[in-house]
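Fold and contact review
The primary structure of each chain is shown beneath.
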Amino acid sequence: MPLPKRSFSGIQPTGNLHLGNYLGAIKQWVKLQDTVDGIYCIVDLHACTATHDPVVLRRSVSAVAAFYLAAGLDPAKSTIFVQSAVGAHSELAWILGCVARFGELARMTQFKEKGEGRESVSVGLFTYPVLMAADILLYDANVVPVGEDQKQHVELCRDVAERFNATFGDTFILPEPLILGTGGRIMGLDQPTKKMSKSAGSPNNYIALEDDPDTITRKIKTAVTDTGGQICYAPEEKPGISNLLTIYSLLTGETMSDLEARYTGKGYGFFKRELTEVVVENLRPLQTRYRALKKDPAAVGEILRQGAERAAGIAGKTLSRARKRFGMEPV
Ligand code: AMP
Ligand code: TRP
């Protein structure tokens, strides 16, 4: 298979970024950046689909930008920008919204999960995957590195792009989701059958990228493990220890079988202490860079400005192509 040419992905600036976001998404982006043109967005328009505080939203945008950089995204290699700074996203989302079907959006599991039990749900939450499709298609992205939970949205994006192309003529590149085999779904520490999530009720569910060593120690210590003391990777039968092994393996690059061999007969307590060290030591350099970047908002702002400028150039061309095909400009 030829190397993918362009990668696009994004994270919502809501709540704390956690280890699931890092291992499932951002770490993949950093790995790709020497071989692929990467465009990475802070999707603030998506964050408005739930009730939000404008001041908190702006603060979260800067924090996520600083995390992208601290995790190793290099603005000389990758484009980093804020979604709302490029107007083409909203405009293409309207066009695609006239091509997507109500029924296919109603089938999105994330909408069903997020909307469940709420008294009122915004229209934006329902049409959220259409905006995500616009994000991806504007940049002719070949791959979309995301966690497992976003697979259905990328598939919807492909369906909508295919329908547009078939009806109005070839316009969009069909993207592929890029999802890690193990690690595409990091589970909650307190509930290892559900994904780690920043919207989880308990902070013991996730390790935030900002957590200090004491907090990380406490969270791993209280992480749910399974009956029987063996340390082996068996996600169905032993979801707790399997999740901890996954985190260990992704952070160190060691294979599951190497880890199983090393920890045979060692017990959960011993394993958890070593895992704590691995997590703390992996997050330490990232946190140091993050703190330095937080002290220099002007530098981060300038990176985002330049990123938006480049992004707008690419997006403008695709939007104009789509507008022509759709009948909004003389052909
Ligand atoms: P979100 O925080 O929902 O904006 O997600 C940002 C990115 O992190 C997306 O690519 C998600 O698929 C990914 N992600 C979120 N939670 C997890 C998780 N528990 N395991 C793996 N990837 C995740
Ligand atoms: N929906 C994604 C999430 O919640 C965030 C997102 C928005 C995204 N636009 C995107 C991810 C485009 C990949 C590509 O995680």
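Throughout this description, residue numbers start from 1 for each chain and increase along the sequence as written. Key to labels: chains lettered from A, ligands numbered from 1, both in the order written. Reporting in this predicted model follows two pLDDT cut-offs: at least 70 for local features of residues, and 80 or more for side-chain atom pairs to be given and counted; totals over whole chains, interfaces and linings ignore these cut-offs and use all residues. Excluded from the side-chain calculation are hydrogens and water; included are all heavy atoms of the structure.

Examining helix 7 (residues 123-137)
Keep this limit in mind: Strands here mean DSSP runs of E at least two residues long; helices mean DSSP runs of H or I at least four residues long; both are numbered from the N terminus. A helix is expected to span 1.5 Å for every residue after the first. A residue's bend is given by the angle between axes fitted to the 7 residues ending at it and the 7 residues starting at it. Three labels apply to residues, based on accessible area from a 1.4 Å probe with only protein chains included: buried if under 20% of the type maximum, exposed if over 50%, partly exposed otherwise in between.
Between its first and last C-alpha atoms helix 7 spans 22 Å; for 15 residues at 1.5 Å apiece the expected length is 21 Å, and the two agree. By the largest-angle criterion, Pro129 marks the main kink of helix 7, which is about 40°. Counted residue by residue, helix 7 has 12 buried out of 15 residues, so it is predominantly covered. Turning to helix 7, its buried residues are Leu125, Phe126, Tyr128, Pro129, Val130, Leu131, Met132, Ala133, Ala134, Asp135, Ile136 and Leu137.

A look at the site of ligand 2
Going by this rule: Each residue is tested against the molecule or strand, and it is near if at least one of its non-hydrogen atoms lies within 4 Å. Polar contact criterion, stated in full: a pair of N or O atoms within 3.5 Å, where within protein one must be able to donate a hydrogen and the other to accept it, and residues adjacent in sequence count only if both atoms are side-chain atoms. For the area figures, the Shrake-Rupley method with a 1.4 Å probe applies, and any residue is considered shielded solely by the protein chains shown. Amino acid classes used here: Ala, Val, Leu, Ile, Met, Phe, Trp, Tyr, Cys and Pro are nonpolar; Asp, Glu, Lys and Arg are charged; the rest, including Gly, are polar.
In the vicinity of ligand 2, 13 residues are found, and the nearest of them are Gln12, Tyr128, Met132, Asp135 and Gln150. Here an oxygen atom of ligand 2 sits 3.1 Å away from a polar atom, N or O, in the side chain of Gln12. Take Gln150: an N or O atom from its side chain is 3.0 Å from a nitrogen atom of ligand 2. Surface burial for ligand 2 is 92%, taken as the share of its 370 Å² of free accessible area covered by protein chains. Counting residues per element, the ones that place at least two in the shell around ligand 2 are strand 1 (6-11) and helix 7. With 4 residues, helix 7 is the largest single contributor of residues to the shell around ligand 2. Residues of the shell around ligand 2, tallied by class, amount to 7 nonpolar, 5 polar and 1 charged.

Here's the deal with the domain arrangement of the protein chain
As a reminder of what qualifies: Domain borders in the structure are assigned automatically or taken from a domain database. Note: buried area is the sum, over both parts, of the accessible area (probe 1.4 Å) each one loses when the two are combined. A pair is scored as a salt bridge if a Lys or Arg side-chain nitrogen falls within 4 Å of a carboxyl oxygen belonging to Asp or Glu.
Looking at the assigned domains, one finds that the protein chain contains domain 1 (6-185 + 297-326) and domain 2 (203-292). Both sides together, the interface formed by domain 1 and domain 2 hides about 1,500 Å², and carbon and sulfur atoms give 75% of it. In terms of surface lost to domain 2, no three residues of domain 1 exceed Leu19, Phe67 and Ala70, which account for 38% of the buried area on that side. Here domain 1 and domain 2 share 0 salt bridges between them. Applying the counting rule to domain 1 against domain 2 returns 4 residue pairs in polar contact (both at pLDDT 80 or more). Here the residues of the side of domain 1 that touches domain 2 sort into 10 nonpolar, 4 polar and 1 charged.

Remarks on empty space enclosed by the protein
Quick note on the threshold: Here a cavity denotes grid points, spaced 1 Å and computed from the protein atoms alone, that fit a 1.4 Å probe unable to get out, and a pocket denotes an open set having protein on both sides within 12 Å along at least 5 of 7 lines; residues with an atom within 4 Å of a point are the lining. Grid points are joined across faces, edges and corners, and a volume is the space filled by probe spheres set on the points.
Tallied over the full model, the rule gives 1 cavity of 30 Å³ or more. Space inside the largest cavity adds up to approximately 50 Å³. For the largest cavity, the full set of lining residues is Met108, Gln110, Phe111, Lys114, Leu125, Tyr128, Pro129 and His153. Put simply, the parts of the chain that give the lining of the largest cavity at least two residues each are helix 6 (109-115) and helix 7.

Here we look at the packing of aromatic side chains
Which entries qualify depends on this criterion: Each pair of aromatic rings taken from Phe, Tyr and Trp, with Trp reduced to its six-membered ring, is defined by centres within 6.5 Å and is described as stacked if the planes are under 30 degrees apart, edge-to-face if over 60, and tilted in the remaining cases.
Tallying each qualifying case throughout the model produces 15 aromatic pairs. When the centroid spacing of 5.0 Å and the interplanar angle of 85° are considered together, the rings of Trp29 and Tyr68 count as edge-to-face. Pair noted here: Trp29 is in helix 1 (residues 19-32) and Tyr68 is in helix 3 (residues 54-70), with a separation of 39 residues, a long-range link. As far as the burial class goes, Trp29 and Tyr68 line up, both buried.

Observations regarding the site of ligand 1
Lining the immediate environment of ligand 1, one finds 18 residues, of which Gly147, Asp149, Ile186, Met196 and Lys198 sit closest. Measuring from an oxygen atom of ligand 1, one finds a side-chain N or O atom of Asn21 at 3.1 Å. Coverage of ligand 1 by the protein amounts to 94% of the 480 Å² it exposes when considered alone. In terms of residue count, helix 1 provides more of the shell around ligand 1 than any other element does, 4 residues in total.

Structural notes on the environment of Arg310
Convention followed: Between two residues, a contact is recorded if the distance between any of their heavy atoms is within 4.5 Å.
With respect to the element layout, Arg310 can be found in helix 13 (residues 297-326). Classification of Arg310 by relative accessible area gives partly exposed; the value is 35%. Through-space distance from the C-alpha of Arg310 to that of Pro175 is 20 Å; in sequence the pair is 135 residues apart. Sequence-distant contacts of Arg310, that is, excluding residues within four places in its chain, are made with Arg6, Asp37, Ile39 and Thr79. Within the structure, Arg310 has its side chain in polar contact with the side chain of Asp37 (distance 2.9 Å).

As for the layout of surface pockets
Computed from the structure, the second largest pocket encloses a volume of approximately 320 Å³. Around the second largest pocket, the lining comprises 18 residues; the ones closest to its centre are Ala93, Trp94, Gly97, Thr127 and Val130. Of all the elements in the fold, those that place two or more residues in the lining of the second largest pocket are helix 4 (88-97), helix 5 (102-106) and helix 7.

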